[in-house]
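Listed below are the residues making up each chain.
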Amino acid sequence: MEGAIINIITRTGVSFDLVKVMFHHVILYGDRMRKNVKNNVSWIGYMDWELEIFHGDEYSISNGSSQNAYLIEEGKTVLVDTVWTPHRSEFIENLKKEIDLKKIDIVIMNHGECDHSGSLAALMDEIPGTPIYCTASAVKSLEGQYGKKGWDFHTVKTGDSIDIGNGKKLVFVEMRMLHWPDSMATYMTGDNILFSNDAFGQHFAVEELFADLADQPTLWREAMKYYANILNPFSSVLQKKLKEIEGLNLDIDIIAPSHGAIWRKDPLQIVRTYAKWADSYKEDQVTVVYDTMWEGTAKIAHAISEEVHRQAPNTVVKVYNISKSDKNDVMTEVFKSKAIAVGSPTVVNSILSSVAGWLEMLTQLKFRGKKAAAFGCYGWSGESVKILQQKLADAGFEVCEENVRSNWNPEDEDFALVLAMVKSLLSGDGDAIVEDTASDNPAKYQCEVCGYVYDPEKGDPDSGIAPGTPFESIPDDWVCPICGVGKSDFKKM
Ligand code: FEO
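Only a predicted model underlies this, so the values are computations on that prediction, with no experimental measurement involved. (Residues numbered from 1 in each chain as written. Predicted model: local features only at pLDDT ≥ 70, side-chain atom pairs only at ≥ 80, totals over all residues. Heavy atoms only, no water.)

## Some words on the overall build of the protein chain
Secondary structure summary: the protein chain contains 14 helices and 25 strands in total. When burial is assessed residue by residue, the protein chain has 52% of its 493 residues classed as buried. Taking all contacts inside the protein chain whose residues are at least 6 apart in sequence as the whole, residues at least 24 apart take part in 69%. Working note: accessible area of the protein chain is about 22,000 Å², and carbon and sulfur atoms make up 51% of it. (Helix = DSSP H or I, 4+ residues; strand = E, 2+ residues; numbered from the N terminus. Buried < 20%, exposed > 50% of the residue type's maximum accessible area, 1.4 Å probe, protein only. Contact = heavy atoms within 4.5 Å. Areas by Shrake-Rupley, 256 points an atom, 1.4 Å probe, with all protein chains shown as cover.)

Right under this line is the structure:
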């Protein structure tokens, strides 16, 4: 290929870099254009085999991923979502190979996060004035990221629809907090396709496009990892949304998410699985997570593992040194577990940063209905076990009092404590801790979905709630001003 490049440079006088880019695009991406989904609906996204991390460094990618955009060519031509900013030029060039961009009548933005909206600004430069359909919240997120550009926004709510010709319609379904306030899904009648955006996706590159053609163990492992690490905090919203979608009585032949494989064979299998996962999911598994300085805490971790196996031979036990393991894969194991044990030695009156960082993520993911226990070695002050217990309680785990706190290296008496700790971990199914935070002053309440704090002193004047109104006195039909969930999703602070 190098010879061909030099030949072109000699004949045309264009720069070496430009020719390299041209070859890169032709050879690597030249065939990455549309794939048929059904009838006049095509996939026109970006198959990202090189992606390694996502959401900053918060999500590891092991099997590639995709940003799925869709082109609908009925009486009207509709583009559903775009792809991430780094791939915008390629996306638009590919789109141009398929259609005259000026033929696009409507752009649907199901969600404003830049992995789906990142090509929008470049696209709108080409077709300014094309109407963009999205939620009111998406206007905020799109203008927040790209500035007020005077785009022709048409805001929609659940049940709103637009006619796209040939007897078909697009019906919008708001999906607030699945996983942003602006998220929505779009349902296409006639072909019965639900463009679900992030919901029901996986970070998994499936060149064959469809879930039924994908490698099944990888597909389901990636779907679970995606749910556990991205959607689990919103499980209560999801449960209500699944009921709402069920109530709409939509015939769904295809679920086309914005990442990973498209569900066409028994598409509701992923909906049923989500219903199970959203209901405090757990399997008969215990996961031990730790880090160690001089192997003492590691010895306790392995003693716990052996003891679980001794007391409950059928229970699956997994052990991870968090400084050597993929944090998202470990979270997926926690998602599957009925109980976890977390260990750190004491270091400068605290715990190891590897464990502390992982616990921060554990708290964000809002696992419920699971038990936890703490362990660790210490030389003199020995605070780690108490700190771990508090952090695990804050993360919503039912924390066992039984623990293993070992001075210097674990001895026989410490290993004896493992027995009681494991017995406690294995007993019962675990319930979330509800803190008693009773106080004389009207309490603040926090939305468990988006984190908004209702402060009685301030009220919520925009929603007609006067300053000084206690949370308990707010009408039952009041909703969170950020994400729209009801009072039942708020927790006393
Ligand atoms: Fe795939 Fe929330 O973006």
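## A word on the sheet that holds strand β10 (residues 132-134)
The seven strands are arranged β1-β2-β7-β8-β9-β10-β11 in an open sheet whose pairing can be described as mixed. Every other strand in the sheet has two partners, leaving β1 (35-38) and β11 (153-155) as the edge strands with one partner each. Across the sheet, the mean angle separating the axes of adjacent strands is 25° when strand polarity is ignored. Where strand β2 (residues 41-43) lies against strand β7 (residues 70-73), three bridges are found, and the strand directions are antiparallel. The partner of Val41 across the bridge, within β7, is Ile72. Taken strand by strand, helix α6 (residues 136-146) contacts β10 and β11, and its axis lies near 145° from that of β11. (Pairing = 2+ DSSP bridges. Axes fitted to C-alpha atoms, helices over the stretch in contact; angles between N-to-C directions.)

## Looking at the sheet that holds strand β23 (residues 445-447)
Strand order in the open sheet formed by three strands is β24-β23-β25, and the pairing between neighbours is antiparallel. The strands lining the two open edges of the sheet, one partner per strand, are β24 (453-454) and β25 (490-492).

## Digging into the packing of aromatic side chains
Enumeration over the complete set of coordinates arrives at 21 aromatic pairs. When the centroid spacing of 6.1 Å and the interplanar angle of 90° are considered together, the rings of Phe471 and Trp478 count as edge-to-face. Owing to a relative accessible area of 5%, Phe471 belongs among the buried residues under this scheme. Trp478 gets classed as buried once you look at its relative accessible area, which sits at 5%. Aromatic rings pair up to connect Phe200, Tyr227, Tyr274, Trp277, Tyr281, Phe335 and Phe367 into one cluster. Lys35 extends its terminal NZ or CZ atom over the ring of Trp43, reaching a point 5.7 Å from the ring centre. Here the basic side chain of Lys487 rests over the ring of Phe471, its NZ or CZ set 5.1 Å away from the ring centre. (Phe/Tyr/Trp six-rings, centres within 6.5 Å; stacked < 30°, edge-to-face > 60°. Lys NZ or Arg CZ within 6 Å of the ring centre and 35° of its normal.)

## With respect to unusual backbone geometry
Here the residue pair Leu178 and His179 is connected by a cis peptide bond, since its omega of 10° sits within 30 degrees of zero. Despite not being glycine, Ser280 shows a phi value in the positive range, around 45°. What makes Ser280 partly exposed here is its relative accessible area of 37%.

## Side note on the pattern of salt bridges
Evaluated as defined, the whole model comprises 21 salt bridges. Between Lys336 and Glu333 there is a salt bridge, and its shortest N-O distance comes to 3.4 Å. Taken together, the residues span about one helical turn, with Lys336 and Glu333 both in helix α11 (residues 327-336) at a distance of three residues. Looking at Glu333, the relative accessible area reads 11%, which means it is buried. Ionic pairing is found between Glu448 and Arg368, a salt bridge with its closest N-O pair at 3.4 Å. With Glu448 in the loop between β23 and β24 and Arg368 in the loop between α12 (353-364) and β20 (371-378), this pair connects stretches of sequence that are 80 residues apart. Judged by relative accessible area, which is 28%, Glu448 ranks as partly exposed. Residues participating in the shared-partner salt-bridge network are Arg34, Glu73 and Glu98. (Salt bridge = Lys/Arg side-chain N within 4 Å of Asp/Glu carboxyl O.)

## Overview of the side chain of Thr315
By the secondary structure assignment, Thr315 is in the loop between α10 (296-311) and β18 (316-321). A polar contact is formed between the side chain of Thr315 and the side chain of Asp284, at a distance of 2.9 Å. Setting aside its immediate chain neighbours within four residues, Thr315 contacts Asp284, Gln285, Val286, Val308 and Lys338. (Polar contact = N/O pair within 3.5 Å; in protein donor to acceptor, adjacent residues only side chain to side chain.)

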